[in-house]
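Examination of the molecular architecture
Here are the chains, one letter per residue:
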Amino acid sequence: MAILEVEKLTKTFGGLTANKEISLRAEANKITAVIGPNGAGKTTFFNMITGVYKPTSGSIKLRGELIGGLKPHTVAKKGISRTFQNIRLFGPITVLENVLVGMHTHLKAGIFGTIFHLPGVDREERIAEREAYRLLEYVGLEEHYNDEAASLSYGSQRRLEIARALATKPSVLLLDEPAAGMNPKETA
Ligand SMILES: Nc1ncnc2c1ncn2[C@@H]1O[C@H](COP(=O)(O)OP(=O)(O)OP(=O)(O)O)[C@@H](O)[C@H]1O
Ligand SMILES: [Mg+2]
């Protein structure tokens, strides 16, 4: 069964049709590529799947459930994560903190527990930090965990975006031109 199934997805911006009846089936545990020249509509397609844009028509199903038109944070909670063609990190906070932001959908702590440092909250935070560090090791950024995200090289920022996206424990990960602007070494 397809984990992600898109049928006849269409998006118009005024008189411009950016996506016209695009259909796609992505199977679990497989890599599916969406290709097309500049301006073909790839980013628009991803923006509809992740809730950034509301589709003009067509349907999007995640594990059979209709998710078209839901808000981005709801789509993220349901298990779709993404990176951005134009990197969108939280520049002034640390590399580790950027990954922690990605984890927040799984954390239970409320405002009260955070302010009063309740023991359960502190424990949860320590576990989250360890998991975030593990993700940084996975993308090879652990040495930079305490650096400001904005200070990273371009290639490293791209890898941090992937770590942050993985932190939500997605079942579908959308990478919008993950190697754009990278040299061959960084791409590898
Ligand atoms: N918010 C918007 N308002 C109006 N037009 C838009 C908007 N977003 C995208 N478009 C237009 O939709 C078309 C598809 O753009 P899109 O960015 O989805 O293509 P792309 O395949 O991702 O291109 P690239 O390879 O350059 O990233 C373009 O003509 C673009 O100008
Ligand atoms: Mg694009």
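Residues numbered from 1 in each chain as written. Chains lettered and ligands numbered in written order. Predicted model: local features only at pLDDT ≥ 70, side-chain atom pairs only at ≥ 80, totals over all residues. Heavy atoms only, no water.

Remarks on helix α5 (residues 119–138)
Across its 20 residues, α5 extends 29 Å between first and last C-alpha, which sits within 8% of the 28 Å expected from 1.5 Å per residue. Where α5 is concerned, the buried positions are Val121, Glu124, Ala128, Ala132, Leu135 and Leu136. All buried residues of α5 project into a common sector of 115 degrees when viewed along the axis, lining one side. Turned more than 90 degrees away from the buried face of α5 sit Pro119 and Arg130, all of them exposed. Looking one or two residues beyond α5, the residue adopting positive phi is Gly140, at roughly 75 degrees. (Helix = DSSP H or I, 4+ residues; strand = E, 2+ residues; numbered from the N terminus. Expected span 1.5 Å × (residues − 1). Buried < 20%, exposed > 50% of the residue type's maximum accessible area, 1.4 Å probe, protein only. Arc of directions from axis to C-beta.)

A short note on the coordination of the magnesium ion (ligand 2)
Around the magnesium ion (ligand 2), the protein supplies Thr43 (OG1) and Gln85 (OE1) as donor atoms, at distances of 2.0 Å. Of this pair, Thr43 sits in helix α1 (residues 42–49) while Gln85 sits in the loop between β5 (80–82) and α3 (95–103), and the two are 42 residues apart along the sequence. (Donors = N, O, S within 2.8 Å, 3.2 Å for Na, K, Ca; no water.)

Considerations on the pairing of strand β3 (residues 57–62)
Where strand β1 (residues 2–13) and β3 come together, five bridges link them in antiparallel fashion. Paired with Leu4 across the two strands is Leu62, which belongs to β3. The pairing of β3 with strand β4 (residues 65–66) spans two bridges and is antiparallel. Residue pairing for β4: Lys61 is matched across the bridge by Leu66. Where β3 folds back onto β4 in an antiparallel hairpin, the turn is made up of two residues, including Arg63, whose phi is positive at roughly 45 degrees. (Pairing = 2+ DSSP bridges.)

What to know about the sheet that holds β1
Across the sheet, which stays open at both edges, the four strands sit in the order β2-β1-β3-β4 with antiparallel pairing between neighbours. What marks the edges here is a single partner per strand, and that holds for β2 (16–27) and β4. Those strands touched by α1 are β1, β2 and β3, and its axis lies near 115 degrees from that of β1. (Contact = heavy atoms within 4.5 Å. Axes fitted to C-alpha atoms, helices over the stretch in contact; angles between N-to-C directions.)

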